[in-house]
Amino acid sequence: MKPAMDVAGRAEQVRSELANNQCDALLVTNLVNVRYLSGFTGTAGLLWLGPDEVLLITDRRYESQVEAEISDAGANVRVEITNDSPKAILTKMLAKVTRVGLEAASVSWANQRRYAEWLDGSELVPTDGLIEGCRQVKDEGEIARMVAAASIADAALAEVLPMLVEVPTEQQVALALDAAVRRLGAQDSAFTTIVASGPNAALPHLRPTRRKIGKGELVIIDMGAVVEGYRSDMSRTVSVGEPKAEALKVFETVQEAQRLGVEKVAPGRPIADVDKVCRDRIAEEGWAEAFVHSTGHGVGLDIHEQPWVRAKATEQLRVGHVITVEPGVYLPGSCGARVEDTLVVASEGSRTLTRSPKDLVVA
Ligand code: ZN
Ligand code: ZN
């Protein structure tokens with residue numbers, strides 16, 4: 001039994017941020033944030049977070065699901081079901097409210113016009129990352145779900161790696177990983193699984209192709225699992241047999257940079273330090289320009305979320321942050337390598353959730 005998540009406490013935490021964002025209430029329309037505050041996983045719904053009430057409005061398709069999920073989550077959320085415009089319901093909520101926040105990053109222009117009509121008489125205020133900021137620090141229940149997701153991904157990778165000696169295509173390996181992740185108890189893969197071999201490994205986010213994986217090539221495998229909405233993220237670089245000298249040097253450099261980055265993860269540490277140590281190690285080998293992405297990101301209900309592990313980061317790591325450290329080197333036309341772990345910032349240092357071995361040669 002996993003520890004419970006404190007879903008009920010989240011509304012109060014978000015509410016305490018409302019004043020800083022110059023609003024009295026928030027209309028939550030990003031469905032990941034709706035889930036965060038209520039436990040509801042349906043694909044249509046609006047959540048009103050007012051000064052003294054949380055209200056979820058959805059349609060009849062979700063009538064029984066919504067009540068069950070809110071109750072399972074232990075959230076204190078009232079539900080209204082309607083297949084019509086929610087304007088009448090929302091109008092009643094405006095009695096004590098003048099400024100209503102919208103989630104600017106996820107509201108389309110069309111929806112902004114619709115919400116303005118529904119919330120006629122109130123002032124709409126754009127908010128930026130308000131709930132996402134609260135989501136950064138995970139509680140024990142959330143971490144337990146991410147531990148479960150990471151260990152399923154570890155088991156799936158261990159099961160599938162031996163298949164590489166049979167020179168499968170990238171797609172065959174990705175499909176086997178996706179199937180194993182689900183069979184081992186995850187809802188799904190955490191994102192589109194990446195299997196990129198040889199010159200394809202120089203393209204950081206390539207989808208798996210029909211290319212057969214050759215002996216002595218670097219193969220980047222980037223995968224994760226979802227458990228109760230929470231994700232894991234892990235990359236390993238492997239090779240069937242010894243790679244050539246340059247590829248080996250690329251791998252060893254990335255492996256070392258990643259180890260140095262992980263060592264930096266601790267509460268109070270500037271996030272930018274984690275990026276810098278990885279980048280400096282890669283630059284020493286003359287590959288600064290070949291590390292084309294940021295060093296990592298937060299992980300949780302979304303695969304990529306706050307905090308961002310990059311040179312421009314101004315925040316410090318906090319206990320309960322869950323981040324990745326994933327330096328990479330990509331040499332166009334030749335090869336590429338990335339090594340990535342998901343880590344939780346602990347009271348001293350960090351705890352690594354993704355535990356798969358980092359050996360290069362699989363057979
Ligand atoms: Zn990844
Ligand atoms: Zn990642």
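Everything quoted here is computed from the prediction, not taken from an experiment.

Q: Looking at this model, I keep getting lost on the overall build of the protein chain. Mind explaining?
A: Counting its secondary structure elements, the protein chain contains 10 helices and 19 strands. Its C-alpha atoms give the protein chain a radius of gyration of 22 Å, near enough to 21 Å, the size a compact globule of 363 residues would have. Taken along its principal axes, the extent of the C-alpha atoms in the protein chain is 70 × 40 × 40 Å. Out of the 363 residues belonging to the protein chain, those deemed buried represent 53%. Nonlocal contacts in the protein chain, meaning residues at least 24 apart in sequence, comprise 68% of its contacts between residues at least 6 apart. When the accessible surface of the protein chain is totalled, it reaches about 15900 Å², and 51% of it is carbon and sulfur. If the 40 positive side-chain charges of the protein chain are averaged to one point and the 51 negative ones to another, these points end up 3 Å apart.

Q: Please explain the coordination of the zinc ion (ligand 1) as it appears in this structure.
A: Note on metal sites: the ideal angle is 109.5 degrees for four tetrahedral donors, and 90 or 180 degrees for six octahedral donors. Asp-222 (OD), Asp-222 (OD), Asp-233 (OD) and Glu-340 (OE) make up the full set of protein donors to the zinc ion (ligand 1), lying at 2.0 to 2.6 Å. Around the zinc ion (ligand 1) sit four donor atoms; with metal-centred angles ranging over 55 to 148 degrees, the donor geometry is irregular. Within one chain, the residues serving as donors to the zinc ion (ligand 1) are arranged as D-x10-D-x106-E. Between the zinc ion (ligand 1) and the zinc ion (ligand 2) the interatomic distance amounts to 3.1 Å, and Asp-233 serves as a bridging ligand to the pair. Placement of Asp-233 in the loop between β11 (230–231) and β12 (234–238) and of Glu-340 in the loop between β17 (335–338) and β18 (341–345) is noted, with a sequence separation of 107 residues between them. By relative accessible area, Asp-233 is classed as buried at 2%.

Q: Just to check I follow, could you spell out the packing of helix α7 (residues 140–160) against helix α8 (residues 170–183) for this structure?
A: Two numbers describe a pair of packed helices, the interaxial angle and the distance between the axes. Running from N to C, α7 and α8 cross one another at 135 degrees; their axes reach a closest spacing of 9 Å. Considered as vectors, α7 and α8 are oriented oblique to each other. In the crossing of α7 with α8, the sense of the turn from one axis to the other is right-handed. Across the interface between the two elements, Ile-152, Ala-156, Leu-157, Glu-159 and Val-160 from α7 touch Val-173, Ala-176, Leu-177, Ala-180, Val-181 and Arg-183 from α8. Taken together, the residues of the contact of α7 with α8 sort by class into nine nonpolar, no polar and two charged.

Q: Hey, could you run me through the sheet that holds strand β9 (residues 219–223) in this one?
A: In any sheet, the strands associate via hydrogen bonds between backbone groups, in a parallel or an antiparallel arrangement. On the basis of which strands lie adjacent, the open sheet formed by three strands has the order β8-β9-β12 and antiparallel pairing. Single-partner strands in this sheet number two, and they are β8 (194–197) and β12. Looking at each pair of strands side by side, their axes are set apart by 10 degrees on average, direction ignored. Relative to β12, β9 runs antiparallel, the two being bridged by five bridges.

Q: Teacher, can you tell me more about the coordination of the zinc ion (ligand 2) here?
A: Taken together, Asp-233 (OD), His-297 (NE2), Glu-326 (OE) and Glu-340 (OE) make up the full set of protein donors to the zinc ion (ligand 2), lying 2.0 to 2.1 Å away. Classification of the site at the zinc ion (ligand 2) as irregular follows from its four donor atoms and the range of 78 to 151 degrees in their angles at the metal. Each donor residue of the zinc ion (ligand 2) belongs to the same chain, and together they define the spacing D-x63-H-x28-E-x13-E.

Q: Where do I start with the environment of Pro-327 in this structure?
A: Considering the arrangement of structural elements, one finds Pro-327 in the loop between β15 (322–325) and β16 (328–331). As for Pro-327 and Gly-261, which are separated by 66 residues in sequence, their C-alpha atoms are 8.4 Å apart. With residues up to four places along the chain from it excluded, the contact list for Pro-327 reads Val-254, Ala-257, Gln-258, Cys-278, Ile-282, Phe-291, His-293, Thr-295, Ala-337, Arg-338 and Val-339.

Q: Would you mind going over α7 with me for this structure?
A: Every α-helix carries 3.6 residues per turn, so stepping three or four residues along brings you back to the same face. When the terminal C-alpha atoms of α7 are compared, their 30 Å separation across 21 residues agrees well with the 30 Å that a helix rising 1.5 Å per residue should span. Within α7, 15 of the 21 residues are buried, which leaves it mostly tucked inside the rest of the structure. N-capping of α7 is provided by Asp-139, with a side-chain oxygen placed 2.9 Å from the backbone N of Gly-141.

Q: Sorry if this is basic, but what is going on with the sheet that holds strand β4 (residues 78–81) here?
A: Taken in spatial order, the six strands of this open sheet run β4-β3-β2-β1-β5-β6, and their pairing is mixed. Bordering the open sheet on either side are β4 and β6 (123–127), each of which pairs with just one other strand. Averaged over all adjacent pairs, the angle separating strand axes in this sheet is 25 degrees, with direction ignored. Pairing analysis gives four bridges linking strand β3 (residues 54–58) to β4, with the strands arranged parallel. Counted as the bridge partner of Leu-55 is Arg-78 from β4. Sitting on the sheet, helix α1 (residues 8–18) touches β1 (25–28), β2 (46–49) and β3, and the angle it makes with β2 is about 65 degrees.

Q: Would you explain the state of the cysteines in this entry?
A: Here a disulfide denotes one covalent bond, and it connects the sulfur atoms of two cysteines. As enumerated under the stated definition, the model contains zero disulfides in all. A disulfide-free cysteine, Cys-278 has its sulfur positioned 18 Å from the sulfur of Cys-335, the nearest such atom. According to the relative accessible area criterion, Cys-278 is buried, its value standing at 0%. Of the residues examined, Cys-335 reaches a relative accessible area of 5% and is grouped as buried.

Q: I keep staring at the nonpolar core and nothing clicks. Help me out?
A: If you look at soluble globular proteins, the nonpolar side chains tend to sit buried side by side. One finds Val-14, Leu-26, Leu-37, Leu-47, Leu-49, Leu-56 and Ile-131 to be the most contacted residues of the largest nonpolar core, which totals 39 residues. Mapped onto this core, the elements with two or more residues apiece are α1, β1, α2 (31–38), β2, β3, α3 (63–73), α6 (130–135) and α7. Other than its neighbours up to four places away in sequence, Leu-26 contacts Val-14, Leu-18, Leu-47, Trp-48, Leu-49, Gly-101, Leu-102, Thr-127, Leu-130 and Ile-131. Formed by 30 residues, the second largest nonpolar core is a distinct cluster that contains Val-277, Val-309, Leu-331 and Val-339.

What counts, and where the lines are drawn
Residues numbered from 1 in each chain as written. Chains lettered and ligands numbered in written order. Predicted model: local features only at pLDDT ≥ 70, side-chain atom pairs only at ≥ 80, totals over all residues. Heavy atoms only, no water. Helix = DSSP H or I, 4+ residues; strand = E, 2+ residues; numbered from the N terminus. Rg over C-alpha atoms; globule rule 2.2 N^0.38 Å. Buried < 20%, exposed > 50% of the residue type's maximum accessible area, 1.4 Å probe, protein only. Contact = heavy atoms within 4.5 Å. Areas by Shrake-Rupley, 256 points an atom, 1.4 Å probe, with all protein chains shown as cover. Lys, Arg positive; Asp, Glu negative; His and termini not counted. Charge placed at Lys NZ, Arg CZ, Asp CG, Glu CD. Donors = N, O, S within 2.8 Å, 3.2 Å for Na, K, Ca; no water. Tetrahedral: all angles 85-135°; square planar, octahedral: opposite > 155°, others 65-115°. Axes fitted to C-alpha atoms, helices over the stretch in contact; angles between N-to-C directions. Parallel < 35°, antiparallel > 145°, perpendicular 65-115°, else oblique. Left-handed = near helix turned anticlockwise from the far one by under 90°. Nonpolar A, V, L, I, M, F, W, Y, C, P; charged D, E, K, R; others polar. Pairing = 2+ DSSP bridges. Expected span 1.5 Å × (residues − 1). Polar contact = N/O pair within 3.5 Å; in protein donor to acceptor, adjacent residues only side chain to side chain. Disulfide = S-S within 2.5 Å. Core = buried A, V, L, I, M, F, W, Y, C linked by side-chain atoms within 4.5 Å.

As far as function goes, none of this settles anything; it's purely spatial.
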